[in-house]
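Architecture and fold: a report
Letter by letter, the chains look like this.
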Amino acid sequence: MMSQSNPIQLCRELSLQVEQEDSIKPEDLRIKYLGKNGLFKKLSALIKEVPADQKKLFGQKLNQLKNKIEEKINDLENQRQTDQAKIDLTLPGKKRPVGHLHPISQAIEEISQIFEKIGFNRVRYPEVDFDYYVFEALNMPKDHPARDEWETFFVDTQPSEKLGKMVLTTHTSNGQIHEMERLNAQPPIRMINVSRTYRRQSDATHTQMFHQFEGLVIDKGINIQHLKGTLDYFAESFYGPGTKSRIRPFHFRFTEPSFEVDFSCHICGGTGKNCHFCKSGWHEVGGAGMVHPNVLRMGGIDPDIYTGFAFGWGVERTYTLKKGLNIDDIRLFYSSNVEFLEQF
Ligand code: PHE
């Protein structure tokens, strides 16, 4: 209450205030005005300050105010009852928007499960790692020109004497050496390593951050047929029956021989005839090969006893080749555009 006004004026002000009390529950209105510490009680106490000739008038005003408050409480109660009567319990409930996993997380889950089914063990190794794991132990000695292909981001920290500089991982192949170390260089090894990777690149088919999944199998007698069989199995599981895989000679420092891996196009069925999607019948997805003896040695494994294969592909690239996904700009995945993301 405004103490500058005289008590009779205050009665008028409070009465106006009561009229406007529309968004309060009736029981709260009663407490606010008529409760033990309510505004009405406080106002009534001011009778002491009212000059004797005006006390009667003040008393009348107080009575009017009290009636007004009771009326308002009644009004609010009535209003509540009619509002409740209006509720139609047969109406369907309001649907709240429910989110879902990001499409890339969905793809990672699907890919991992396909490999887990045939005994691969899912792991995840650091995204910020030492030069040793990303390059050196993968048969890329310091200053080797092959390192230039990787468009590396370096981390501005004190390099480790043994393991060299810190980098943002350019590929998930760093996981190969980590996995050999984790298993104390004791095959069999069947790893699927899924992680974020980073390269200095950005256009419609490349983002600076993307994901890769890396397969590594090491045991006695592992050969290219095992690799090819695994690729065929993945092609059919992920893209659907009839999808074929193809390997073409390539070069990586950490595999020998090395290959590029293609999958047949689901639109033209691998023929390439009048197909605008693939042009040649095939889509390239990534690299693979037989683990280089030097890499096995770096992981403490004897290449005269054990052999292995490895592959590493981009999750985004692998995923966008799926049937029915017509995504021509992978940057959309990381645009936070809900309309785009809701489609998956
Ligand atoms: N790390 C390679 C790349 O990022 C792919 C690869 C993985 C090749 C494993 C051979 C073996 O391009």
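The following paragraphs examine the structure supplied in this document.

Each value, and the rule that gives it
- Residues numbered from 1 in each chain as written.
- Predicted model: local features only at pLDDT ≥ 70, side-chain atom pairs only at ≥ 80, totals over all residues.
- Heavy atoms only, no water.
- Near = heavy atom within 4 Å.
- Polar contact = N/O pair within 3.5 Å; in protein donor to acceptor, adjacent residues only side chain to side chain.
- Areas by Shrake-Rupley, 256 points an atom, 1.4 Å probe, with all protein chains shown as cover.
- Helix = DSSP H or I, 4+ residues; strand = E, 2+ residues; numbered from the N terminus.
- Nonpolar A, V, L, I, M, F, W, Y, C, P; charged D, E, K, R; others polar.
- Buried < 20%, exposed > 50% of the residue type's maximum accessible area, 1.4 Å probe, protein only.
- Axes fitted to C-alpha atoms, helices over the stretch in contact; angles between N-to-C directions.
- Parallel < 35°, antiparallel > 145°, perpendicular 65-115°, else oblique.
- Contact = heavy atoms within 4.5 Å.
- Expected span 1.5 Å × (residues − 1).
- Arc of directions from axis to C-beta.

1. Some remarks on the site of the ligand
Looking at the ligand, there are 15 residues lining it, with His171, Ser173, Arg199, Gln212 and Gly312 nearest. At 2.9 Å from a nitrogen atom of the ligand is found a side-chain nitrogen or oxygen belonging to Ser173. At a separation of 3.0 Å, an oxygen atom of the ligand approaches a polar side-chain atom of Arg199. Isolated, the ligand exposes 330 Å² of accessible area, and the fraction of that covered by the protein chains is 93%. For the shell around the ligand, the secondary-structure elements that each account for two or more residues are β5 (209-219), β8 (282-291) and β9 (307-314). Counting residues per element, the shell around the ligand draws most heavily on β9, at three residues. In terms of residue class, the shell around the ligand is built from six nonpolar, seven polar and two charged.

2. A short note on helix α7 (residues 174-182)
Note: α-helices contain 3.6 residues per turn, so residues at a spacing of three or four share the same orientation. The element α7 is extensively covered by neighbouring structure, given that seven of its nine residues are classed as buried. By the burial criterion, the buried members of α7 are Asn174, Gly175, Gln176, Ile177, His178, Glu179 and Met180. One or two positions beyond α7, positive phi appears at Asn184, with a value near 50 degrees.

3. Some remarks on the packing of helix α1 (residues 7-19) against helix α4 (residues 55-86)
Viewed as axis vectors pointing N to C, α1 and α4 meet at an angle of 10 degrees, and their least axial separation amounts to 10 Å. Judged on the interaxial angle alone, α4 and α1 are roughly parallel. For the pair α1 and α4, the contacting residues are Pro7, Ile8, Cys11, Leu14, Ser15, Val18 and Glu19 in the first and Leu57, Phe58, Lys61, Leu62, Leu65, Lys68, Ile69 and Lys72 in the second. Considering only residue class, the contact of α1 with α4 consists of ten nonpolar, one polar and four charged.

4. A look at helix α5 (residues 103-117)
Relative to the 21 Å expected for 15 residues at 1.5 Å per residue, α5 spans 21 Å between its end C-alpha atoms, a close match to the ideal helical length. Among all positions of α5, only Pro103, Ile104, Ala107, Ile108, Ile111, Ser112, Ile114 and Phe115 are buried. Buried residues of α5, seen end-on, are gathered within an arc of 165 degrees and therefore sit on one face of the element. Directly after α5, the chain includes Gly119, whose backbone phi takes a positive value near 90 degrees.

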